[in-house]
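# Fold and geometry: a report
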Amino acid sequence: MATRHFIELAGSLVKRHSRMVLGREYNSSEKCNHRCMNALGHECTCSCLARNHGRGGWMSGWRITAETTSVADGREWSWTVLEQIPSDSRR
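No experiment lies behind these values; they were computed from the predicted model shown.

Rules of the game
- Residues numbered from 1 in each chain as written.
- Predicted model: local features only at pLDDT ≥ 70, side-chain atom pairs only at ≥ 80, totals over all residues.
- Heavy atoms only, no water.
- Pairing = 2+ DSSP bridges.
- Helix = DSSP H or I, 4+ residues; strand = E, 2+ residues; numbered from the N terminus.
- Axes fitted to C-alpha atoms, helices over the stretch in contact; angles between N-to-C directions.
- Buried < 20%, exposed > 50% of the residue type's maximum accessible area, 1.4 Å probe, protein only.
- Contact = heavy atoms within 4.5 Å.

### So, the pairing of strand 3 (residues 75-84)
Sheet topology places strand 1 (residues 19-26) next to strand 3; 8 bridges connect them, and they run antiparallel. The residue bridging Val21 from the neighbouring strand is Val81, located in strand 3. In this sheet, strand 3 lies alongside strand 2 (residues 62-72) in antiparallel orientation, the contact comprising 10 bridges. Paired with Ala72 across the bridge in strand 3 is Arg75.

Okay, structure coming up:
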C-alpha cells in the first residue's frame, strides 16, 4: 500500500472494527528530534515509535491497549493494538 494512504486506511479499519493490530517499521538508532515532533505528515520511522510525531496528532480518536516490538530479517517492528475511543469519552 502507498505510504500516503496508511493512516487513512488504519483509521477506517479501527472505526469499522473498533480494534486492530498495527505494525510499523522503525529504527531504534534514529533519535526523535524537533523535526519529528513538529511534522505535519504521519510518516515516522524514529525511535519514538511515532508517539511524538506531529505531537501525536495522527492517533486522535485511538487508544493504545497493548504493544510490543520484534525484529524480522534485521528490520525492527513495533506492534500496537489500537482501539477506537468512543465519542462520548473524548471530552
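### Things to note about the sheet that holds strand 1
Read from one edge of the open sheet, 3 strands run 1-3-2, paired in antiparallel fashion. Each having just a single partner strand, strand 1 and strand 2 make up the two edges of the open sheet. Direction aside, the axes of adjacent strands within the sheet are offset by 20° on average.

### Regarding the environment of Trp79
Relative to the helices and strands, Trp79 is located in strand 3. Since its relative accessible area comes to 34%, Trp79 is described here as partly exposed. In the structure, Trp79 is positioned 72 residues away from Ile7 in sequence and 15 Å away in space, judged by C-alpha atoms. Setting aside residues up to four positions removed in sequence, Trp79 forms contacts with Val21, Leu22, Gly23, Ala66, Glu67, Thr68 and Ser70.

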